[in-house]
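Residues per chain are reported as follows:
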Amino acid sequence: MKEIEVGLGERSYPILIKDGLLHEIGDDIKKRNIAKRYVVVSDAHVAGLLGEMFLNSLKAADVQAELITFPQGEVSKNLETVAKLASKLALIGVDRKDALIALGGGVTGDITGFLAAVYMRGIPFIQVPTTLLSQVDSSVGGKTGVDIPEGKNLVGSFYQPQCVYIDSNVLSSLPREELLNGLAEVIKYSIIYDASFFEYLEKNRTSILDLNLPVLEETIRICCTIKAKVVEADERESGLRRILNFGHTIGHAVEAASDFAIAHGMAVAMGMEAACKLAVGKSLFPSEDAGRTKELIRSYGLPVDIPKELDRDRIKAYLKTDKKAVAGRPFFVLPTTIGKVTVTDDVPESLIDQVIAR
Ligand code: GLY
């Protein structure tokens, strides 16, 4: 078992990583004594695949648990779902001595974390992420929330889990596109924080893409360690945490301009390549390093070019209204060397135009 501590004073918590952990969580939860009863929250798809096995493993450890579900997909990530789930919790008599367990991908973690943050003004929750993206990113760091028609993640809260349980084995049955979504974030960590991890990803590409579990587990451990360090330094994203948005400024705009037909990871891959080009254009980043990053992204089967058919004016309009833009000026996370980035809003519009041009 690999264990990483997210050190946030009284809100500190462990991230536990192990092949097959899903079957053993009950014993660990029992030992931690977080609540008297647990409500597992899952989407209908994950509940169908893993729900029964997970509940049985909790019950075998004498952990009192039940399961509630919501329909699968980002369309469910809204206040209506939170209200419906809150009603279910109230109907089964959940109180402050109980806790929620998010079993699923990023949408499930975000909804469940937010529900835990607001139900009875806050009850404990546990993250059990089942996609690579949620294992290396969204389950760690306490960002929770839902979408509103005006934008994604516009209503939410920083609310840390009590524990994060990661079973690398669930990745064996993950659809390829879901794996690639996660790999874009994995590559992101190496470029923003760790040149030796970048080399690790260069060397271990075949093992990672072939789902070699020990290598995947080590990859997840390194990503979670980096994320933990960043979150410890800046829990509420007023400084360092912004580096986690590398590739996301243009990435989010591409995602939105495609009406979300382009998956998050693919858009982030294009956004990372665009950010590298902006950094080269500003003479911040050597072009040979940009060549290596482009090669790494491509070698994992991720796209680097923004599709020709996407409307560039729409991309630019989204850049200006990005929720992290200040007075219409988007900020960018730009690499200065592999393993280091800087955050700036000082990027001429002409350079952005050049980089996103067809
Ligand atoms: N996914 C970015 C963050 O957690 O800050």
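What you are looking at is a predicted structure, and each value in this text was computed from that prediction instead of being measured. (Residues numbered from 1 in each chain as written. Predicted model: local features only at pLDDT ≥ 70, side-chain atom pairs only at ≥ 80, totals over all residues. Heavy atoms only, no water.)

A.B. asks: It is not clear to me how the overall build of the protein chain should be interpreted in this structure. Could you clarify?
C.D. replies: Summing up its helical and strand segments, the protein chain has 14 helices and 11 strands in all. A compact globule built from 358 residues would reach a C-alpha radius of gyration of about 21 Å, and the protein chain, at 20 Å, matches this within 12%. Along the first, second and third principal axes, the C-alpha atoms of the protein chain reach 60 × 40 × 40 Å. A buried classification covers 57% of the 358 residues belonging to the protein chain. Residue pairs at least 24 apart in sequence account for 75% of intrachain contacts in the protein chain once pairs closer than 6 positions are excluded. Carbon and sulfur atoms provide 50% of the accessible area of the protein chain, an area that totals close to 14900 Å². With 42 positive and 48 negative side-chain charges, the protein chain shows a separation of 3 Å between the mean positions of the two kinds. (Helix = DSSP H or I, 4+ residues; strand = E, 2+ residues; numbered from the N terminus. Rg over C-alpha atoms; globule rule 2.2 N^0.38 Å. Buried < 20%, exposed > 50% of the residue type's maximum accessible area, 1.4 Å probe, protein only. Contact = heavy atoms within 4.5 Å. Areas by Shrake-Rupley, 256 points an atom, 1.4 Å probe, with all protein chains shown as cover. Lys, Arg positive; Asp, Glu negative; His and termini not counted. Charge placed at Lys NZ, Arg CZ, Asp CG, Glu CD.)

A.B. asks: Got a minute to help me understand the site of the ligand in this structure?
C.D. replies: Surveying the vicinity of the ligand reveals the residues Asp137, Lys143, Lys227, Arg241 and Leu244. Between the ligand and the protein, one listed contact pairs an oxygen atom with a side-chain N or O atom of Lys227 at 2.6 Å. A total of 200 Å² of accessible area belongs to the ligand in isolation, and the protein chains cover 87% of it. In terms of residue class, the shell around the ligand is built from 1 nonpolar, no polar and 4 charged. (Near = heavy atom within 4 Å. Polar contact = N/O pair within 3.5 Å; in protein donor to acceptor, adjacent residues only side chain to side chain. Nonpolar A, V, L, I, M, F, W, Y, C, P; charged D, E, K, R; others polar.)

A.B. asks: Would you mind going over the environment of Val41 with me for this structure?
C.D. replies: Mapped onto the elements, Val41 comes out in strand β3 (residues 37–43). On the basis of relative accessibility, which here comes to 0%, the residue Val41 falls in the buried class. A sequence separation of 199 residues divides Val41 from Leu240, and the C-alpha atoms of the two residues are 31 Å apart. In contact with Val41, other than residues within four places in its own chain, are Ile68, Phe70, Leu85, Ile101, Ala102, Leu103, Thr108 and Thr112.

A.B. asks: Please explain the packing of helix α6 (residues 176–193) against helix α11 (residues 264–281) as it appears in this structure.
C.D. replies: Helix-helix packing is described using two parameters, namely the angle between the two axes and the distance between the axes. Orientation of α6 relative to α11, taken along the N-to-C sense of each, is 35°, at an axis distance of 7 Å. α11 is crossed by α6, and the crossing has left-handed handedness. From α6, Glu177, Leu180, Asn181, Ala184, Glu185, Ile187, Lys188 and Ile191 reach across to α11, where they touch His264, Gly265, Met266, Val268, Ala269 and Met272. Taken together, the residues that form the contact of α6 with α11 break down as 8 nonpolar, 3 polar and 3 charged. (Axes fitted to C-alpha atoms, helices over the stretch in contact; angles between N-to-C directions. Left-handed = near helix turned anticlockwise from the far one by under 90°.)

A.B. asks: What is the right way to read the packing of aromatic side chains from this model?
C.D. replies: Centre distance and the angle of the planes are the two values used to describe a pair of aromatic rings. Inspection of every chain in the model, using the stated rule, returns 2 aromatic pairs. The interplanar angle of 10° and the centroid separation of 6.0 Å between the aromatic rings of Phe125 and Tyr159 together place this pair among those described as stacked. Of the two residues, Phe125 sits in strand β6 (residues 125–129) while Tyr159 sits in the loop between β8 (151–158) and β9 (164–166), which places them 34 residues apart along the sequence. A residue is classified by how much of its surface remains accessible, and Phe125, at 1% relative accessible area, is buried. Directly above the ring of Tyr189 sits Lys188, whose terminal nitrogen or CZ lies 5.0 Å from the centroid. Lying over the aromatic face of Phe331, Arg242 brings its terminal NZ or CZ to 4.0 Å of the ring centre. (Phe/Tyr/Trp six-rings, centres within 6.5 Å; stacked < 30°, edge-to-face > 60°. Lys NZ or Arg CZ within 6 Å of the ring centre and 35° of its normal.)

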